[in-house]
Amino acid sequence: MDWTRRLKLSHLQLLITLHETGSLSDAARAAHSTQPGLSKWLKDLEEDVGGQLFERHARGLTATPMGLLLISHARRMVTEMSRAQHNLEALIEGSSRTFAVGTSPASAPSFVPAAIMKFLERYPKARMELQESTMNDLLEKLKLGKLDLVVGRLDNYQPQPTLNSERLYDEPLRIMARPDHPLARRRNLGWDDVYAYDWIVWPQGTPIRSKLEVALTRAGLKPPPYRVESSSQVGNLWLLQYSDMLAIGSERVARHFTGRGLVVPLDIKIDTVEGFVGMCWRDDTGTDPAILDLLECFRSSKTIN
């Protein structure tokens, strides 16, 4: 008999707890079981699987590569079942399922909301959960099944076995300042001009920060005066409006906030490879009609400023 058919949802949670606690006794207490009973269950599972899932040592347990692989699947299945329960309860109450979308703050403020509005017009009873974070964090949540779709800059994205990705539109970078900044009306600015002011930058490893560093490397320059490191779009806007600091952002973000009189893009060329905004989704949702409609809503909204 296939060993996977004997696994229950509680067994998957046990594997996760063992990994998180690194202790048979702690995991047994959490599961209201006994340490000998849990030890026997783990030993039987390893025999069924055909390999060691955890290394035993004096300080407890450490997952092996085989164990980490199984735990990764377990986490995804536990998350999916939790979301399935939530969606079924919503259907019973007369509502509809919840769709979870992750987006980075650097994405255009009008693009993601416009796509979501299109989707809600097609699914009037659907619920939408929008999460904002860094792309690395969002992609991890996507792989675990906590999100259905991730939209953001994919400049640093590396292809992954369980994820699909699609380019939506190119997105150059702009240096932004408040409308009455001393540099706002000057033309043909150079790096020396912008180096005279403090900067707000995105955290290390984010696509926009990486693109900025590429541009600086191409120009043979050191980093400008980084005064604030922030992934908060709202916080960055406030700092820009009440100081002489500068910030770098996506062109559509600059255009969106320029149209509302909040910032202006400075007249300086940034020599770097163009970045782009795209979307990622899991293989196992690629045949879900509602997810396919969600993807189509983002494709058809990419021309909106």
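Residues numbered from 1 in each chain as written. Predicted model: local features only at pLDDT ≥ 70, side-chain atom pairs only at ≥ 80, totals over all residues. Heavy atoms only, no water.

Identification of the protein as LysR family transcriptional regulator from Marinobacterium aestuarii is taken from an unreviewed UniProt entry. Under the Sequence similarities (unreviewed entry) heading, UniProt states for the protein: "Belongs to the LysR transcriptional regulatory family." (UniProt positions renumbered as here; feature names shortened; annotations may be inferred.)

### Overview of empty space enclosed by the protein
Under the counting rule described, the total for this entry stands at two cavities of 30 Å³ or more. By volume, the largest cavity amounts to about 100 Å³. Class assignment for the residues of the lining of the largest cavity results in six nonpolar, five polar and one charged. Here the lining of the largest cavity spans two domains, since at least three of its residues come from each of domain 2 (95-170 + 276-300) and domain 3 (173-273). As a volume, the second largest cavity reaches approximately 70 Å³. Forming the walls of the second largest cavity are 13 residues, and the residues nearest its centre are Met-176, Gln-233, Asn-236, Ala-247 and Ile-248. At the level of elements, strand 8 (199-201), helix 9 (233-241) and strand 10 (246-250) are the ones that each hand at least two residues to the lining of the second largest cavity. (1 Å grid on protein atoms, 1.4 Å probe; cavity = no way out; pocket = protein on both sides within 12 Å on 5 of 7 lines; lining within 4 Å. Points joined across faces, edges and corners; volume = space filled by probe spheres on them. Nonpolar A, V, L, I, M, F, W, Y, C, P; charged D, E, K, R; others polar. Domains from an automatic or database assignment. Helix = DSSP H or I, 4+ residues; strand = E, 2+ residues; numbered from the N terminus.)

### Observations concerning the packing of aromatic side chains
One pass over the structure, following the stated rule, counts seven aromatic pairs. Measuring from centroid to centroid gives 5.2 Å for Phe-111 and Tyr-169, while their planes differ by 85°, and the two rings are edge-to-face. With Phe-111 in helix 5 (residues 111-122) and Tyr-169 in strand 6 (residues 163-171), this residue pair connects regions lying 58 residues apart in the sequence. Tyr-169 gets classed as buried once you look at its relative accessible area, which sits at 7%. The ring of Phe-276 is capped by Arg-167, whose NZ or CZ atom sits 4.2 Å from the centre of that ring. (Phe/Tyr/Trp six-rings, centres within 6.5 Å; stacked < 30°, edge-to-face > 60°. Buried < 20%, exposed > 50% of the residue type's maximum accessible area, 1.4 Å probe, protein only. Lys NZ or Arg CZ within 6 Å of the ring centre and 35° of its normal.)

### Description of the pairing of strand 9 (residues 226-229)
For strand 8 and strand 9, the ladder comprises three bridges, and the chain directions are parallel. Opposite Val-201, over in strand 9, you have Glu-229 as the bridge partner. (Pairing = 2+ DSSP bridges.)

### Notes on the UniProt feature "domain: HTH lysR-type" (unreviewed entry) in the protein
The positions that UniProt labels "domain: HTH lysR-type" (unreviewed entry) are, in the present scheme, residues 7-64. End C-alpha to end C-alpha, residues 7-64 measures 19 Å, and it is 60% helix and 14% strand.

### Looking at the pattern of salt bridges
Per the counting criterion, the structure on display carries 20 salt bridges. Note that Glu-213 and Arg-209 form a salt bridge whose closest N and O atoms lie 3.0 Å from each other. Residue Glu-213 and its partner Arg-209 are located together in helix 8 (residues 207-218), separated by four residues, close to a single helical turn. A relative accessible area of 25% places Glu-213 in the partly exposed class. According to the relative accessible area criterion, Arg-209 is buried, its value standing at 6%. (Salt bridge = Lys/Arg side-chain N within 4 Å of Asp/Glu carboxyl O.)

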